[in-house]
Amino acid sequence: MSNSKVYSTTEYNLFKKLRGNRAINELHVRRLVEAIKEKDLQIPIIVDEDMNVLDGQHRLDAYKIVGNPIFYIVKNKFDLQDVRNVNSVKATCPPVYVW
């Protein structure tokens, strides 16, 4: 599988949770479910060559609930420390209010 190709599937059991990654926040998953139902932006998750989820584990759980295909990109030579580095620099966006 290429590093630049985006794949999609509804075979959610292909993906594995990366041991040592953050715990799932169920509230975040529920919010993602509602967002996907409203408008599915099809933002891909990132997995390694063994299909461990490196980025997007909450999206994966949300897509399982909604039943839409999930899009994913395979990245080689990533490990848990890379995931932690990415997670540590992600910005938390404040809620957007429409007046």
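Keep in mind it's a predicted model, so treat the numbers as computed, not measured.

A.B. asks: Got a minute to help me understand the environment of Glu34 in this structure?
C.D. replies: Within the secondary structure, Glu34 sits in helix H1 (residues 26-38). By relative accessible area, Glu34 is classed as partly exposed at 49%. Put simply, Glu34 and Ala62 are 28 residues apart on the chain and 8.8 Å apart in space, counted from C-alpha to C-alpha.

A.B. asks: What am I meant to see in the environment of Leu54 here?
C.D. replies: Position of Leu54 among the secondary structure elements: in strand S4 (residues 52-55). Expressed as a C-alpha distance, the spacing of Leu54 and Lys16, which sit 38 residues apart in the sequence, is 9.5 Å.

A.B. asks: Explanation requested: the sheet that holds strand S2 (residues 16-17) in the structure shown.
C.D. replies: Either a parallel or an antiparallel arrangement is found when strands of a sheet pair, and the pairing is made through backbone hydrogen bonds. If you trace the five strands from one edge of the open sheet to the other, you get S1-S5-S3-S4-S2, paired in mixed fashion. At either end of the open sheet lies a strand with only one pairing partner, and these are strand S1 (6-9) and S2. Packed onto the sheet, helix H2 (residues 57-66) meets S2, strand S3 (45-47), S4 and strand S5 (70-74) and runs at close to 120 degrees relative to S4.

Conventions we followed
Residues numbered from 1 in each chain as written. Predicted model: local features only at pLDDT ≥ 70, side-chain atom pairs only at ≥ 80, totals over all residues. Heavy atoms only, no water. Helix = DSSP H or I, 4+ residues; strand = E, 2+ residues; numbered from the N terminus. Buried < 20%, exposed > 50% of the residue type's maximum accessible area, 1.4 Å probe, protein only. Pairing = 2+ DSSP bridges. Contact = heavy atoms within 4.5 Å. Axes fitted to C-alpha atoms, helices over the stretch in contact; angles between N-to-C directions.

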